[in-house]
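Understanding the architecture of this molecule
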Amino acid sequence: MQLQAIYRARRAIEDVAIRTPLVPAPVLSAASGREVRLKLETTQPTGAFKLRGAASALAGLSEQERARGVVCASTGNHGRAVAFAARRFGVSAIICMSELVPRNKLAAIRALGAQARIVGRSQDEAQEEVDRLVAAEGLAEIPPFDHPDVIAGQGTIGLELLEDFPEIDTALVPLSGGGLIAGIALALKTASPAVRVIGVSMEKGAAMQASLAAGHPVQVEETASLADSLGGGIGLANRHTFQMVRHLVDAVVLVSEAKIAAAMRSLFLEEGWVAEGAGAIGVALLAEPHLAGLGRNVAIVVSGRNVDMNRFAAIVAAPGVEEEPCR
Ligand SMILES: *Cc1c(COP(=O)(O)O)cnc(C)c1O
């Protein structure tokens, strides 16, 4: 994949996703002795960066594919993004979900104008319905990370970082399936191979980290985490993100649940920003600069803010609450 694809994606998504602010983090900067800036993907209209990739993937579909509609199985940030972007492009979207999906998530998807299809009692059964709709009705599946247009869409964050923070020497990026970090790393490393790009995952169930260690994609056991948006595997048939992460990312660091909670607290109480666990995870590394080899000019991608606000309030109010995981 080439940098040019990211520039094309930027043009394709400009009416759907916003150019997010890069803000100073004075307290975190002073505490860490570095110039720390926060890339607030929390300010996207769906509350997370996934809108960039979803819009880019929709833009890449042919007229015929758009006329038939799109489908996906995520009820989280990707599902929201697909629903929002599809409405903007005038494409019909079906989001498949299991009966166990919480009501608020179902309502959020419907409010964005997508059709919710409830099938079975597990994510796997929801995915089977996606596969069926693709095969039987010719709908296009919009994947959450392992697709060149999705990666290019997320990579537009890298272009914005280069423009707004030309001194950047380190980027801290939340990591799950790897679409976000692969796109950002492609943009940053093409501009300057010396910029360090560091992935951050939770200790429990870090599929990319386990796959890198094994030398090929592997499955990991899923456990509940404060960083619930980082759950799930990278796909045993991974085609793009595994190789890109392997070649472009300098290090992957894992952090504990307690440190994720502490990062959410410090982002909120010290800098005034709401982030979900996955969104705050990069901040956890500031306390452990030796692990990541941090430079002087550090950008942290704060990837999303979609967290139940009652739970968020409990976490920021009381250290220790994180010991009861969210799912
Ligand atoms: C999906 C997601 C991530 C991880 O992105 P990948 O491309 O899967 O690595 C990080 N943070 C949030 C908030 C997300 O929704």
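Coordinates for the structure precede this section.
If you're wondering where the values come from, they're calculated on a predicted model, not measured in any experiment.

A closer look at the nonpolar core
In terms of nonpolar packing, the biggest core is built from 37 residues, with L28, L38, I198, I260, L267, L285 and I300 touching the most fellow members. Going through the elements one at a time, β2 (35-40), β8 (196-202), β9 (251-255), α12 (257-271), α13 (277-280), β10 (297-302) and α15 (309-317) are the ones with two or more residues in this core. Per-element tally for this core: the top contributor is α12, with 5 residues. Among all residues touching L285, those that are not within four sequence positions of it are L172, I198, V200, V253, V255, A292 and L294.

Examining the site of the ligand
Around the ligand, the structure places 17 residues, and the nearest of them are K50, N77, S176, G178 and S303. One of the side-chain N or O atoms of K50 is found 2.7 Å from an oxygen atom in the ligand. Contact distances for the ligand include 2.8 Å between an oxygen atom and a backbone N or O atom of G178. Coverage of the ligand by the protein amounts to 98% of the 380 Å² it exposes when considered alone.

A closer look at the sheet that holds strand β5 (residues 115-118)
As summarised here, the arrangement of the 4 strands in space is β5-β4-β3-β6, forming an open sheet in which the pairing is parallel. Of all strands in the sheet, those with a lone pairing partner are β5 and β6 (140-141), marking the two edges. By the bridge criterion, 4 bridges tie strand β4 (residues 93-97) to β5 in an arrangement that is parallel. Of the residues in β5, the one forming a bridge with C96 is R117.

Description of the environment of G282
Looking at where G282 falls in the secondary structure, it is placed in the loop between α13 and α14 (289-292). Along the sequence, G282 and S303 sit 21 residues apart, while their C-alpha atoms lie 9.3 Å from each other. In contact with G282, other than residues within four places in its own chain, are L172, V200 and I300.

Let's talk about the environment of S29
By the element assignment, S29 lies in helix α2 (residues 26-32). Overall, the relative accessible area of 12% leaves S29 in the buried class. It is 25 Å that separates the C-alpha atoms of S29 and G155, two residues lying 126 residues apart in sequence. Once you skip the residues sitting within four places of it in the chain, S29 turns out to touch R34, E35 and V36.

Basis of the calculations
- In this numbering scheme, every chain counts its residues from 1 along its sequence in written order.
- Reporting in this predicted model follows two pLDDT cut-offs: at least 70 for local features of residues, and 80 or more for side-chain atom pairs to be given and counted; totals over whole chains, interfaces and linings ignore these cut-offs and use all residues.
- The side-chain figures draw on all heavy atoms in the structure; neither hydrogens nor water molecules are used.
- Residue types Ala, Val, Leu, Ile, Met, Phe, Trp, Tyr and Cys, when buried and joined through side-chain atoms within 4.5 Å, form a set referred to as a nonpolar core.
- To sort residues, take the accessible area from a 1.4 Å probe on protein chains only and compare it with the maximum for the residue type: under 20% means buried, over 50% means exposed, and anything in between is partly exposed.
- Elements are defined by DSSP. Helices are runs of H or I of four residues or more, strands are runs of E of two residues or more, and each kind is numbered from the N terminus.
- Should any heavy atoms of two residues lie within 4.5 Å, those residues are counted as being in contact.
- Note on terminology: near, applied to a residue and a molecule or strand, indicates that one of the residue's heavy atoms is within 4 Å of it.
- Polar contact is defined as a pair of N or O atoms within 3.5 Å, subject to the rule that within protein one atom must be able to donate a hydrogen and the other to accept it, and that residues adjacent in sequence are counted only when both atoms are side-chain atoms.
- Surface exposure here means Shrake-Rupley accessible area, sampled with a 1.4 Å probe, where a residue is shielded only by the protein chains that are shown.
- Any two strands between which DSSP finds at least two bridges are classified as paired.

Such coordinate-based values are descriptive only and should not be taken to indicate function.
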